[in-house]
Amino acid sequence: MPPEDDGPGPRTDDEVAGWVRSLGLPGLVDIHVHFLPERMLTKVWEYFDRAEDHYGLRWPVRYRLPEPERLDALRSVGVRAFAPLVYPHKPGMAAWLNGWARDFADGVPEAVPTATVYPEPSAQRDVAAAVAAGARCVKAHVQVGAYDPADEALDAVWGLLAEAGVPVVVHCGHGPLRGAHTGLDVFERVLRRHPRLVAVLAHAGMPEYDLALSLVQRYDRVYLDTTMVGVPFTEEFMPVPGDWPRRLAGIADRVVLGTDFPNIPYTYATQLRAVAAWAEADPGLGEPFLRAVLHDTPARLLGM
Ligand SMILES: [Zn+2]
């Protein structure tokens, strides 16, 4: 269901801030944004440069800008708070990334302090230290990290996060690429052991949207983020079910704005148009849904 040219929502980034104000919101809260140490980010961008080899499609990173300009871009669309998510691909990185994320948030008022996890002997100690130091959101990337989220080394980590009520944004779906341990069925093993974990399924579990909705229904503290969901780019290869807006109507307070800024091959406004199209498509959604998704629910999860 790609948003039509004449559909609702802002057409360009320049129109976003005014559109957000027209909804009566003080700004946007984006739970899924990436900032990384410069050298890592350069490598991520080089990966997207070769997207045709990896994904079979072109992926021109839209906001490939120096860090100050990326922050300006977020501010100009009215993002008042965001979770800058970091993630390791091997052992020995998580604690360093957590320190980097803490320093980054210290210098950027809109950035919520975040942390990440990796199954290694220091995992519990690292996450406990990050939470004690103020981390309010954690990222787990099952595909890039190539680990089993139900790994024993992470059991105490999930328990600690559930106890602390700190949300974990978990990329555990098969999209855009399968990994050895991707799949929402794999992550459900974690939820069975830790049913009170606040888990935000990145990309709404793409492409297993049905299972993602089922997890939201069965676990009170599971949420979906909108990252890359329903935009024309993604609809080409991992479209949402045709009755997506109707199905969201039953779980309207369990959906949060995420975008994957800056690594997206389209504008920030494009994601908002996808969400606006869902809101318009079902009478049970409408503007209250937009206010919940774009601000209220993510603000609550991030402890604002
Ligand atoms: Zn992401």
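Here, every reference points to the structure presented above.
Residues numbered from 1 in each chain as written. Predicted model: local features only at pLDDT ≥ 70, side-chain atom pairs only at ≥ 80, totals over all residues. Heavy atoms only, no water.

Chemist: Just to check I follow, could you spell out the overall build of the protein for this structure?
Modeler: What the protein contains, in helices and strands, is 14 helices and eight strands. Here the C-alpha radius of gyration of the protein, 18 Å, is about what a compact globule of 304 residues would show, namely 19 Å. Over its C-alpha atoms, taken along the principal directions, the protein stretches across nearly 55 × 40 × 40 Å. Relative to its 304 residues, the protein shows a buried fraction of 61%. Restricting the contact set of the protein to residue pairs at least 6 apart, pairs at least 24 apart contribute 77%. Roughly 12100 Å² of accessible area belongs to the protein as shown, and the carbon and sulfur atoms make up 48% of that amount. Of the charged side chains in the protein, 29 are positive and 40 negative, and the gap between their average positions amounts to 4 Å. (Helix = DSSP H or I, 4+ residues; strand = E, 2+ residues; numbered from the N terminus. Rg over C-alpha atoms; globule rule 2.2 N^0.38 Å. Buried < 20%, exposed > 50% of the residue type's maximum accessible area, 1.4 Å probe, protein only. Contact = heavy atoms within 4.5 Å. Areas by Shrake-Rupley, 256 points an atom, 1.4 Å probe, with all protein chains shown as cover. Lys, Arg positive; Asp, Glu negative; His and termini not counted. Charge placed at Lys NZ, Arg CZ, Asp CG, Glu CD.)

Chemist: Teacher, can you tell me more about the coordination of the zinc ion here?
Modeler: When four donors bind a metal tetrahedrally, each ideal donor-metal-donor angle is 109.5 degrees, and when six bind octahedrally, the ideal angles are 90 or 180 degrees. H32 (NE2), H34 (NE2) and D260 (OD) make up the full set of protein donors to the zinc ion, lying at 2.0 to 2.1 Å. Given a relative accessible area of 0%, H32 falls into the buried group. (Donors = N, O, S within 2.8 Å, 3.2 Å for Na, K, Ca; no water.)

Chemist: Please explain the packing of helix α1 (residues 13–22) against helix α13 (residues 268–281) as it appears in this structure.
Modeler: How two helices pack is summed up by the angle between their axes together with the distance between the axes. α13 packs onto α1 with a crossing angle of 45 degrees between their chain directions and a minimal axis gap of 8 Å. Classified by the angle between their axes, α1 and α13 sit oblique to one another. Note that α1 runs across α13; the crossing there is left-handed. Two secondary-structure elements touch here, α1 through D13, V16 and W19 and α13 through Y268, A269, L272 and A276. A class-by-class count of the residues in the contact of α1 with α13 yields six nonpolar, no polar and one charged. (Axes fitted to C-alpha atoms, helices over the stretch in contact; angles between N-to-C directions. Parallel < 35°, antiparallel > 145°, perpendicular 65-115°, else oblique. Left-handed = near helix turned anticlockwise from the far one by under 90°. Nonpolar A, V, L, I, M, F, W, Y, C, P; charged D, E, K, R; others polar.)

Chemist: Would you mind going over the sheet that holds strand β4 (residues 137–141) with me for this structure?
Modeler: In any sheet, the strands associate via hydrogen bonds between backbone groups, in a parallel or an antiparallel arrangement. In space, the six strands of this open sheet follow the order β3-β4-β5-β6-β7-β8, with parallel pairing throughout. Each end of this open sheet is capped by a strand with a single partner; those strands are β3 (114–116) and β8 (255–256). This element, helix α10 (residues 209–218), spans β6 (199–201) and β7 (222–225) of the sheet and lies at about 145 degrees to β7. (Pairing = 2+ DSSP bridges.)

Chemist: Help me understand the pairing of β7 in this model?
Modeler: Put simply, side chains in a regular strand alternate between the two faces of the sheet. In β7, alternate side chains face the same way, and those of V222 and L224 on one face and Y223 and D225 on the other are all buried. One crossover worth recording links β6 to the parallel β7 by way of α10, and it is right-handed. Two strands pair when backbone bridges link them, and β7 and β8 are joined in this way by two bridges, in the parallel orientation. Directly across from L224, in β8, lies its bridge partner V255. (Right-handed = clockwise from strand over helix to strand, strands pointing away.)

Chemist: What's the story with the pairing of strand β2 (residues 79–84) in this structure? I'm lost.
Modeler: Most of β2 sits out of view: five of its six residues are buried. Sheet topology places strand β1 (residues 28–33) next to β2; four bridges connect them, and they run parallel. For V29, the partnering residue across the bridge sits in β2 and is A81.

Chemist: Teacher, can you tell me more about the pattern of salt bridges here?
Modeler: Two side chains bearing opposite charge may form a pair once their charged atoms approach each other closely. In total, this model carries nine salt bridges according to the counting rule given. Its salt-bridge partner being E110, residue R75 comes within 2.7 Å of it at the nearest N-O pair. Of this pair, R75 sits in helix α4 (residues 67–76) while E110 sits in the loop between α5 (94–107) and β3, placing them 35 residues apart in sequence. Owing to a relative accessible area of 36%, R75 belongs among the partly exposed residues under this scheme. D148 serves as the salt-bridge partner of R189, at 3.2 Å between the closest nitrogen and oxygen. Here R189 is found in helix α9 (residues 184–193), whereas its partner D148 is found in the loop between α7 (142–145) and α8 (152–164), with 41 residues between them in sequence. Judged by its relative accessible area of 38%, R189 is partly exposed. Using a relative accessible area of 18% as the deciding quantity, one classes D148 as buried. What you see here is one network of salt bridges that share partners, running through D210, D243, R246 and R247. (Salt bridge = Lys/Arg side-chain N within 4 Å of Asp/Glu carboxyl O.)

Chemist: Explain the environment of H174 to me, please; I cannot follow it from the model alone.
Modeler: By the secondary structure assignment, H174 is in the loop between β5 (168–171) and α9. Separated by 68 residues in sequence, H174 and G242 place their C-alpha atoms 20 Å apart. Ignoring anything within four residues of it in the chain, the contact list for H174 reads T182, G183, M206, P207, E208 and M238. Side-chain polar atoms of H174 contact the side chain of T182, separated by 2.8 Å. (Polar contact = N/O pair within 3.5 Å; in protein donor to acceptor, adjacent residues only side chain to side chain.)

Chemist: Just checking my understanding: could you explain unusual backbone geometry for this structure?
Modeler: Between G175 and P176 the backbone carries a cis peptide bond, its omega angle lying at -5 degrees. For P176, the position within the fold is in the loop between β5 and α9. Note the cis peptide between F261 and P262, where omega equals 5 degrees. Relative to the helices and strands, P262 resides in the loop between β8 and α13. Although it is not a glycine, A204 sits at a positive phi angle of roughly 50 degrees. Locating A204 in the fold gives a position in the loop between β6 and α10. Assessed through its relative accessible area of 1%, A204 is described here as buried. Positive phi values are uncommon outside glycine, yet M228 reaches one of about 70 degrees. Relative to the assigned elements, M228 resides in the loop between β7 and α11 (232–235).

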